[in-house]
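Examination of the molecular architecture
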Amino acid sequence: MKPVYLSGRGLACARGLDLESSLAALRHGGAAPSFRLLPGEMGGHFPYFAIPYAQNNWNARARDLAQRVATEAGAQHTRSGALFIATSSFDIGAVEHEAAPMDYGVFADKIRNWLSWSGPVHVINTACTSSLNALVAAHALLDAGEEEDALVLGMELDNRLTLGGFAALQLLSSSSSKPFGVHRDGLVLGEAVAALRLSVREPSHWKLSGGVHVVDGSQPTGASAAAAAKMYQRALAASGLAADNIDLIKVQAAGSPGNDAVEAQALRDAFPVVPPLVSLKAEIGHTMGASGAAEIALLTACLEQGVWPQYADAVDGTLDVEFAEHMPADVRNVMATILGFGGSHATVVLERT
Amino acid sequence: MKTFAVSGRCIAVPPPADWREQLTQMLGAKPRRIGTWAELGLYGALRCIADAGEVTLPQTAQIWLGSRRGTYAATESVLQQLREDLPMPLAFLQTQPTQPLALLAAQLKWSGSACFVAGAGPIALLRLAAAQASDGGALLGWVDEMEGGASNWLRLRPCAATDKGFCSASAETLFSPHITHLRVAGTGRLEVRQGALG
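Residues numbered from 1 in each chain as written. Chains lettered and ligands numbered in written order. Predicted model: local features only at pLDDT ≥ 70, side-chain atom pairs only at ≥ 80, totals over all residues. Heavy atoms only, no water.

Our next topic: the overall build of chain B. Assigned secondary structure in chain B consists of six helices and eight strands. Of the regular secondary structure in chain B, the N- to C-terminal order runs β-α-α-β-α-α-α-β-α-β-β-β-β-β. For chain B, whose C-alpha radius of gyration is 17 Å, the value lies close to the compact-globule estimate of 16 Å for 198 residues. Seen through its C-alpha atoms, chain B measures out along the principal axes to roughly 60 × 35 × 30 Å. For chain B, buried positions account for 59% of its 198 residues. Excluding contacts between residues fewer than 6 apart, the proportion of contacts in chain B whose partners are at least 24 apart in sequence is 68%. Carbon and sulfur atoms form 52% of the exposed surface of chain B, whose accessible area is close to 7900 Å². (Helix = DSSP H or I, 4+ residues; strand = E, 2+ residues; numbered from the N terminus. Rg over C-alpha atoms; globule rule 2.2 N^0.38 Å. Buried < 20%, exposed > 50% of the residue type's maximum accessible area, 1.4 Å probe, protein only. Contact = heavy atoms within 4.5 Å. Areas by Shrake-Rupley, 256 points an atom, 1.4 Å probe, with all protein chains shown as cover.)

Next up, the structure:
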């Protein structure tokens, strides 16, 4: 069993078209999201973290972003490995513009061609947890010796279906993203294309120790505290770590009044002393199926370069959890968590080597 | 390379004429406000689990669901609604391919890993399942509602590895009623066996 390393990463998000520019934007502090207009009585203007890359053609924009992010992650060294495309919306934005058929196979082939990929391609959709589950699946293939390299490409781009659906479910904020915030009033969605390159051949600063996914059907659109606590406990057991070995948890904390409270309860239930917490949602929005990969790419870069997010809204004291105001010293074991639709709870454990 | 014994199956291509009645019986109530694709998935999964003689899954089991077209019908309908208004909330939920996984987990009073994989094929799904499977094995399904519908499921339990009696097989063989054991070779090729392991 060889260690599985996070050997490359790339990110295009609302803060920039690559990690360096995203980190630079983060250093300067919060930028306001743009807005999207949705039709109907319950429609209106909703804040949205769009990638600052203008292109009229949905497919050309997606291609450019996928190629530059994959290149940033070093995918050119890995094209015969396994490619995992993680998304909750496929290319539905192109379908909406009548620029693509609704066809999973065509979607996968399109990205395979964009990246000149020769290895197997898998498209994982477990809603918001897609990227983390793709990471878990890729880790398993590498751990089993079936592949030596893999690329997880999280991809969530502008479309009306996702925004309209979340608006219909009254899950969106009308103002801003406030993770665990006292004034939190919903999610702010965003775009991201993120790539994480895994390898057993190329050691790096980060090792992926594994991950856990727990689906619990008791809450069709939200998280369950029992399931999230179980997820943390299973992840600790699977990685051979004790609760006090975890130095930092990147939480979901998407700003949902109900889900944030459920997540906080799960943290208190699973950890006798809740580790330092961090959230990136106020910086890049909730990027759905891409969020796991996008936030891991950004967080690991932040930890390496000493950049730390700040939060405009005060944490809700009733949640009995708090964010680390400053970067914790000596971070070695990090959990990255996403909680999502369909009672899907996922976390992965990363070790800084 | 993990070897699995097929301990239960549901092969429904197309599903029987009374599949909805059977589903209602298995659920204890008529399913409401979910799409046909999710209903088909639930029908096949519950039939398969019953065929395996189980009433739920072990905590360490994993569910892997694949589809060529998944929630296309529900998505088309919601895209139409979006032209003039927001979609109906329950209609939007039907566009989510994870919906049957959550419903199945709730019905089984089970919580564990469950993934939807779009497109590809059942062998690719099996390969992913095999890489992650532990002692609880896997419930592997392939569901489509187009062209008359299909809901094929296998309950796979890990078993001792042996080369005896295995032969290469085409992807179509995966859901053959005669297969008792199967595995994916390192090359991604399906190997199957008929009859008990000696």
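To continue, consider unusual backbone geometry. Omega for the bond connecting Val 13 of chain B with Pro 14 of chain B falls within 30 degrees of zero, at -5°, which places this linkage in the cis form. Positive phi, normally seen in glycine, also occurs at Ala 253 of chain A, with a value near 35°. The topology assignment puts Ala 253 of chain A in the loop between strand 10 (248–250) and helix 8 (257–270). Its identity as a non-glycine residue notwithstanding, Met 288 of chain A has a phi of 50°, on the positive side.

Okay, the layout of surface pockets next. In this structure, the largest pocket occupies an estimated 860 Å³ of space. Contributing to the lining of the largest pocket are 38 residues, with His 139, Gly 210, Gly 211, Val 212 and Ala 238 of chain A lying nearest its centre. Listing elements by their share of the lining of the largest pocket, those giving two or more residues are helix 5 (130–143), strand 9 (206–216) and helix 7 (225–239) of chain A together with strand 2 (62–67), strand 3 (111–118) and helix 6 (122–132) of chain B. Looking at which element gives the most residues to the lining of the largest pocket, the answer is strand 9 of chain A, with seven residues. Tallied by class, the residues present in the lining of the largest pocket amount to 17 nonpolar, 15 polar and six charged. Quantified by volume, the second largest pocket comes out at close to 600 Å³. What lines the second largest pocket is a set of 29 residues, and nearest its centre among them are Val 95, Glu 96, His 97, Asn 159 and Arg 160 of chain A. (1 Å grid on protein atoms, 1.4 Å probe; cavity = no way out; pocket = protein on both sides within 12 Å on 5 of 7 lines; lining within 4 Å. Points joined across faces, edges and corners; volume = space filled by probe spheres on them. Nonpolar A, V, L, I, M, F, W, Y, C, P; charged D, E, K, R; others polar.)

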